[in-house]
Amino acid sequence: MSDGTKDGLRQLDRLLASTNQSWLLGAGISLNAGIPLMLSLTDHVFSEAEKAVSREQMQALKNVRSQLPKDSHIEHVLSQIGDYRAIADRSDDQNVRINESVLSVSELDSLHLQLLEWIAHTIRCGYRPKTDNDPEEIGTLNNRIVTVADHLNFVSALFIRSQAGVVERRRAVKLFTTNYDTLLEDALALGGFSYWDGFSGGAVAYRSHRYGDEEPTRSYRAHVVKLHGSIDWHLGEDNRVWRVRDGDTYPGSTARVLIYPQSTKYLATQRDPFAAQFDLFRRTLNTCEDNILATCGYSFGDEHINQEIELALGRPENKTTLLAFASDINPILERWKNKSWGKRVYIITKRGLYVGDSEPPSHAIESNNLNWWTFDGVTKILNDGAEAFAQ
């Protein structure tokens, strides 16, 4: 291994030991835990719908999916249904035509709510799609297949090993996630690490953080900010957002809050919590201090999130450094690493470490299939240092 590569790996370790850091965690970190990626989740939800909804609703659901790009998933389907619902609400007869299907406002509401329930059930219980080597595995309430071990290992590495010598001066680590599952929160609690998530209360809690409020500055090791909502968030009859335990029948809920709202009347009541979440993300990115944003399990498929990152890093006064753990360079990362601020973009891939516009990897290791970009790999780096992958 060259001296330059050793220096690059040491620099990566120094960045991961920063006293001011945040993480953006996507669906990939929960895959091994038994929670499917978005396309598999979408297919499973559609198979559940086939068994339960009316023929008219199922045809409408298929029509909606056929209107979207091939790589669209359940969030896009729900947004499209929300748009159709808004059109129906403005119509004289309170109906809307989706290709040959005609659905009323109430039918669209029912379909939307059922889809959310199936999403929540799948994420709570777990689902592994069929592969060439393994059969399909469907978790149930009595036989859940979701595990928390990987998340517990990650938070333990993040808050014990990698904080050695800096615990007293490190600020709370910001953990932003697009995932609906509660594995991060569960792992933090199991590890004994205090965290803030914008709610107040106990097992049943109410949303106390509002758009524009300041985050707490003391007492917490982590801040968990769920950009797309959570399976345990509910919108109450009083329009307050509650965090509710699985199986509780109170407080009465009119809808499950799961999906980041689109610009539709149908989802307007959900805007405040999600607007507040993105405000926290935006504030973290736009600091003028040295700051690390590391991503793992995130595929850069959310245009809103990508736009926030790009706008922040492009500001002349911005000092955020991006550490993107990804299998390979995607079009978004390719564009960013060639920007004028690209020298603050580190991309950790199976082929090596890229810094800025370097091509091939500026720090190559004698392996063409490194797994240090995975959730397990990141945990190993936090525990043992990046050089452990070069040995």
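Residues numbered from 1 in each chain as written. Predicted model: local features only at pLDDT ≥ 70, side-chain atom pairs only at ≥ 80, totals over all residues. Heavy atoms only, no water.

**So, the overall build of the chain**
When helices and strands are counted, the chain shows 11 helices and 17 strands. Relative to the compact-globule value of 21 Å for 391 residues, the chain shows a C-alpha radius of gyration of 22 Å, a close match. The principal-axis extents of the C-alpha atoms in the chain amount to approximately 70 × 45 × 45 Å. Counting over 391 residues, the chain shows a buried share of 52%. (Helix = DSSP H or I, 4+ residues; strand = E, 2+ residues; numbered from the N terminus. Rg over C-alpha atoms; globule rule 2.2 N^0.38 Å. Buried < 20%, exposed > 50% of the residue type's maximum accessible area, 1.4 Å probe, protein only.)

**Section: the sheet that holds strand 14 (residues 291–296)**
The mixed open sheet is built from eight strands, whose spatial order is 7-10-6-1-14-15-16-17. Strands with a single pairing partner mark the edges of an open sheet, and in this sheet they are strand 7 (195–196) and strand 17 (352–355). Here five bridges tie strand 6 (residues 173–177) to strand 10 (residues 222–226), and the two strands are oriented parallel to one another. Note that in strand 10 the partner of threonine 177 across the bridge is lysine 226. (Pairing = 2+ DSSP bridges.)

**A look at the pattern of salt bridges**
Overall, the coordinates contain 23 salt bridges when judged by the stated rule. Across the pair glutamate 185 and lysine 226 runs a salt bridge whose closest N-O atoms are separated by 2.9 Å. Residue glutamate 185 is found in helix 7 (residues 183–191), and its partner lysine 226 is found in strand 10; the two are separated by 41 residues along the sequence. On the basis of relative accessible area, glutamate 185 is assigned to the buried category, the value being 8%. Taking the relative accessible area as the measure of exposure, lysine 226 reaches 2% and is therefore buried. Close ionic contact of lysine 337 with glutamate 359 constitutes a salt bridge, the shortest N to O distance being 3.8 Å. Pair noted here: lysine 337 is in helix 10 (residues 331–337) and glutamate 359 is in the loop between strand 17 and helix 11 (375–384), with a separation of 22 residues, a long-range link. You can call lysine 337 buried: its relative accessible area is 2%. The class for glutamate 359 is partly exposed, based on a relative accessible area of 49%. When salt bridges that share partners are traced, they join Asp7, Arg10 and Glu387 into one network. (Salt bridge = Lys/Arg side-chain N within 4 Å of Asp/Glu carboxyl O.)

**Observations regarding the environment of threonine 177**
Looking at where threonine 177 falls in the secondary structure, it is placed in strand 6. With 33 residues separating them in the primary sequence, threonine 177 and arginine 210 have C-alpha atoms 18 Å apart. If sequence neighbours within four positions are ignored, threonine 177 has contacts with Leu25, Leu184, Val225, Lys226, Leu227 and His228. Among the polar contacts listed, one links the side chain of threonine 177 to the backbone oxygen of leucine 25, at a separation of 3.1 Å. Here asparagine 179 takes part through its backbone nitrogen, which lies 3.0 Å from a polar atom of the side chain of threonine 177. (Contact = heavy atoms within 4.5 Å. Polar contact = N/O pair within 3.5 Å; in protein donor to acceptor, adjacent residues only side chain to side chain.)

**Thoughts on the side chain of threonine 284**
Position of threonine 284 among the secondary structure elements: in helix 8 (residues 271–285). What threonine 284 contacts, discounting residues up to four positions off in sequence, is Ser22, Lys174, Phe176, Glu215 and Asn291.

**Re helix 2 (residues 38–52)**
Under the 1.5 Å per step criterion, the end-to-end length of helix 2 is 21 Å for 15 residues, consistent within 8% with the ideal 21 Å. Burial in helix 2 covers these residues: Met38, Leu41, Thr42, His44, Val45, Phe46, Glu48 and Ala49. In this structure, the buried side of helix 2 is in contact with helix 3 (55–66), helix 4 (74–90), helix 5 (105–125), strand 4 (127–128) and strand 5 (137–138). (Expected span 1.5 Å × (residues − 1).)

**As for the packing of aromatic side chains**
One pass over the full model with this rule turns up 11 aromatic pairs. Ring geometry for tryptophan 23 against phenylalanine 154: centres 5.3 Å apart, planes inclined by 85°, an arrangement best described as edge-to-face. With tryptophan 23 in strand 1 (residues 21–25) and phenylalanine 154 in helix 6 (residues 149–161), the pair connects residues that are 131 residues apart, well separated along the chain. The exposure classification of tryptophan 23 matches that of phenylalanine 154, with both residues buried. (Phe/Tyr/Trp six-rings, centres within 6.5 Å; stacked < 30°, edge-to-face > 60°.)

**A few points about the packing of helix 6 against helix 11**
Where helix 6 meets helix 11, the axes come as close as 9 Å, and the angle between the chain directions of the two elements is 25°. Of the possible angle classes, the one that applies to helix 6 and helix 11 is roughly parallel. Our pair here, helix 6 against helix 11, has a crossing hand that is left-handed. On helix 11, the residues that touch Asp150, His151, Asn153, Phe154, Ala157, Leu158 and Arg161 of helix 6 are Phe375, Asp376, Val378, Thr379, Leu382 and Asn383. (Axes fitted to C-alpha atoms, helices over the stretch in contact; angles between N-to-C directions. Parallel < 35°, antiparallel > 145°, perpendicular 65-115°, else oblique. Left-handed = near helix turned anticlockwise from the far one by under 90°.)

**Some details on the nonpolar core**
By size, the foremost hydrophobic cluster in this structure holds 37 residues, and its most contacted members are Trp23, Phe154, Leu175, Leu323, Phe325 and Trp372. No other element matches the five residues that helix 6 contributes to this core. Aside from chain neighbours lying at most four places away, what touches phenylalanine 154 is Trp23, Leu25, Phe375, Val378, Thr379 and Leu382. Judged by nonpolar contacts, the second largest core, of 34 residues, contains Val53, Leu78, Ile98 and Leu103. (Core = buried A, V, L, I, M, F, W, Y, C linked by side-chain atoms within 4.5 Å.)

**Side note on the confidence of the model for the chain**
Per-residue confidence for the chain averages 89 on the pLDDT scale, and 91% of its residues sit at or above 70. Predicted confidence for residues 262–270 stays below pLDDT 50, and this span has 18 contacts to residues more than four positions away or in other chains. (pLDDT = per-residue confidence, 0-100.)

**Details of unusual backbone geometry**
Non-glycine residue glutamine 94 carries a positive phi angle of around 60°. Relative to the elements of secondary structure, glutamine 94 occurs in the loop between helix 4 and strand 2 (95–98). The phi torsion at phenylalanine 300 lies on the positive side, around 60°, for a residue other than glycine. Its place among the elements puts phenylalanine 300 in the loop between strand 14 and helix 9 (303–313).

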